[in-house]
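The chain contents come next:
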Amino acid sequence: MKIGLLACDQIPERFLSIGGNLSDMFAALFPEMEVVVFDVYKGRFPDSTDNCDAYMCTGSKFSVYDEVDWIIDLQAFVRELYAREKVFVGVCFGHQMLGHALGGRVEKAPAGWCAGRYTFDVIQPQPWMTPFQQQYSLMMMCQDQIMELPPDSTVLAATADCPVGMVQVGPRMLGLQAHPEFPVAYVKGLLEERVYRIGAEKVTMALDSLAQPLDAKVVAQWIGNFIRK
């Protein structure tokens, strides 16, 4: 299966030795899939929505409501994917783009920064969530969140500081606010660099959380099941 990775940023060079670039992180998470990278943040988009069997959209330092040409073009591309009933999975910025492009509202969350390990409750179990578990834990690194859902949406998972933790829009589009692809060491590096942006107290709590287990492999299997269903 060919997956088009809509890359919305790049990993800073100082962190490349940890897990490579975003394309490497996603390829490691889905080794059974052929991942084709489109650097949309550089204006490089697929020629057609039919170029790939499904699409994934990465995180980014940008916000989906920024008035930047490639972000506006990405909104249009996501709407085209939806209209053509193509499979789409968005992570963090990609999750927010799903909401924003299809008629929802994204803004800075009342909870402020969500950083480190968070545990989400599955509130709407789906057949593709196998092996099923009632909760999953993943890394977070965000300020923006989906505050108002687009039409035809179902919230699948939530946590106290992120009520729209996982959302399905229509039958073939899925968004996750958390990062199954991020290595722990990468999140640690980001936290240590962002103390003044995030706040010392939150960073200390986030760093302490990194020793706890994650469910990235389980969530990756869910995503794979969703894509193939």
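Residues numbered from 1 in each chain as written. Predicted model: local features only at pLDDT ≥ 70, side-chain atom pairs only at ≥ 80, totals over all residues. Heavy atoms only, no water.

Student: Report on the pattern of salt bridges, specifying residues and quantitative values.
Tutor: Here the structure, examined in full by the defined rule, presents ten salt bridges. Between K61 and D9 there is a salt bridge, and its shortest N-O distance comes to 2.9 Å. Here K61, found in the loop between β3 (54–57) and α3 (69–83), pairs with D9, found in the loop between β1 (2–7) and α1 (16–19); they are 52 residues apart in sequence, far enough to count as distant. Given a relative accessible area of 63%, K61 falls into the exposed group. Note that E148 and R105 form a salt bridge whose closest N and O atoms lie 3.4 Å from each other. (Salt bridge = Lys/Arg side-chain N within 4 Å of Asp/Glu carboxyl O. Helix = DSSP H or I, 4+ residues; strand = E, 2+ residues; numbered from the N terminus. Buried < 20%, exposed > 50% of the residue type's maximum accessible area, 1.4 Å probe, protein only.)

Student: I'd like a rundown of the sheet that holds β3, residues and numbers included.
Tutor: What the nine strands build is an open sheet, ordered β2-β1-β3-β4-β11-β10-β9-β6-β7; its pairing is mixed. A strand with exactly one partner marks an edge of an open sheet, and here the two such strands are β2 (34–39) and β7 (135–142). Across this sheet, the average inter-strand angle for adjacent strands is 30 degrees, counted without regard to direction. One ladder, built from two bridges, connects strand β6 (residues 114–122) with strand β9 (residues 153–159); its direction is antiparallel. Its bridge partner lying in β9, V122 is registered against A157. (Pairing = 2+ DSSP bridges. Axes fitted to C-alpha atoms, helices over the stretch in contact; angles between N-to-C directions.)

Student: Let's hear about helix α8 (residues 216–228): which residues, and what values?
Tutor: Each turn of an α-helix holds 3.6 residues, which means side chains three or four residues apart point in the same direction. End to end, α8 covers 18 Å across 13 residues, agreeing with the expected 18 Å (1.5 Å per residue, within 8%). Most of α8 sits inside the fold, with ten of its 13 residues counted as buried. Turning to α8, its buried residues are A216, V218, V219, A220, W222, I223, G224, N225, F226 and I227. (Expected span 1.5 Å × (residues − 1).)

Student: Account for the nonpolar core, naming residues and giving values.
Tutor: Grouped together as the largest cluster of nonpolar side chains are 37 residues, with contacts concentrated most on M56, Y136, M166 and I227. Sort the elements by how many residues they give to this core and α8 lands first, with eight residues. Judged by nonpolar contacts, the second largest core, of 29 residues, contains F38, Y41, F77 and V164. (Core = buried A, V, L, I, M, F, W, Y, C linked by side-chain atoms within 4.5 Å.)

Student: How would you sum up helix α2 (residues 22–29)? Please name residues and give values.
Tutor: Taken residue by residue, α2 has L22, M25, F26 and L29 as its buried positions. Around the axis of α2, the buried residues are gathered within 90 degrees of arc, so they sit on the same side. Looking at the buried positions of α2, the neighbouring elements they touch are β1, α1, β3, β4 (87–91), α5 (184–193) and α8. (Arc of directions from axis to C-beta. Contact = heavy atoms within 4.5 Å.)

Student: Got a sec to walk through unusual backbone geometry? Specific residues and values, please.
Tutor: For the bond from T130 to P131, the omega torsion is 0 degrees, close enough to zero to count as cis. With respect to the helices and strands, the residue P131 is situated in the loop between β6 and β7. Residues other than glycine seldom take positive phi values, yet D152 does so here, at roughly 65 degrees. Take D152: it is sitting in the loop between β8 (144–148) and β9.

Student: Describe the packing of α5 against helix α7 (residues 200–209), with residues and values.
Tutor: For the pair α5 and α7, interaxial distance at closest approach is 10 Å and the crossing angle is 165 degrees. Between α5 and α7, the crossing angle belongs to the class labelled roughly antiparallel. Remark: the crossing between α5 and α7 carries left-handed chirality. Between α5 and α7, the residues in contact are K188, L191 and E192 and V203, A206 and L207, respectively. When grouped by side-chain class, the residues that make up the contact of α5 with α7 number four nonpolar, no polar and two charged. (Parallel < 35°, antiparallel > 145°, perpendicular 65-115°, else oblique. Left-handed = near helix turned anticlockwise from the far one by under 90°. Nonpolar A, V, L, I, M, F, W, Y, C, P; charged D, E, K, R; others polar.)

Student: Which residues make up the layout of surface pockets, and what values do they have?
Tutor: Estimates place the volume of the largest pocket at around 600 Å³. Residue lining of the largest pocket: 27 residues in total, with D9, S60, K61, F62 and R194 positioned closest to the centre. When residues of the lining of the largest pocket are traced back to their parent elements, those giving at least two are α4 (93–101), β7 and α5. Broken down by element, the lining of the largest pocket gets its largest block of residues, three residues, from α5. Across the lining of the largest pocket, the residue classes tally to twelve nonpolar, seven polar and eight charged. (1 Å grid on protein atoms, 1.4 Å probe; cavity = no way out; pocket = protein on both sides within 12 Å on 5 of 7 lines; lining within 4 Å. Points joined across faces, edges and corners; volume = space filled by probe spheres on them.)

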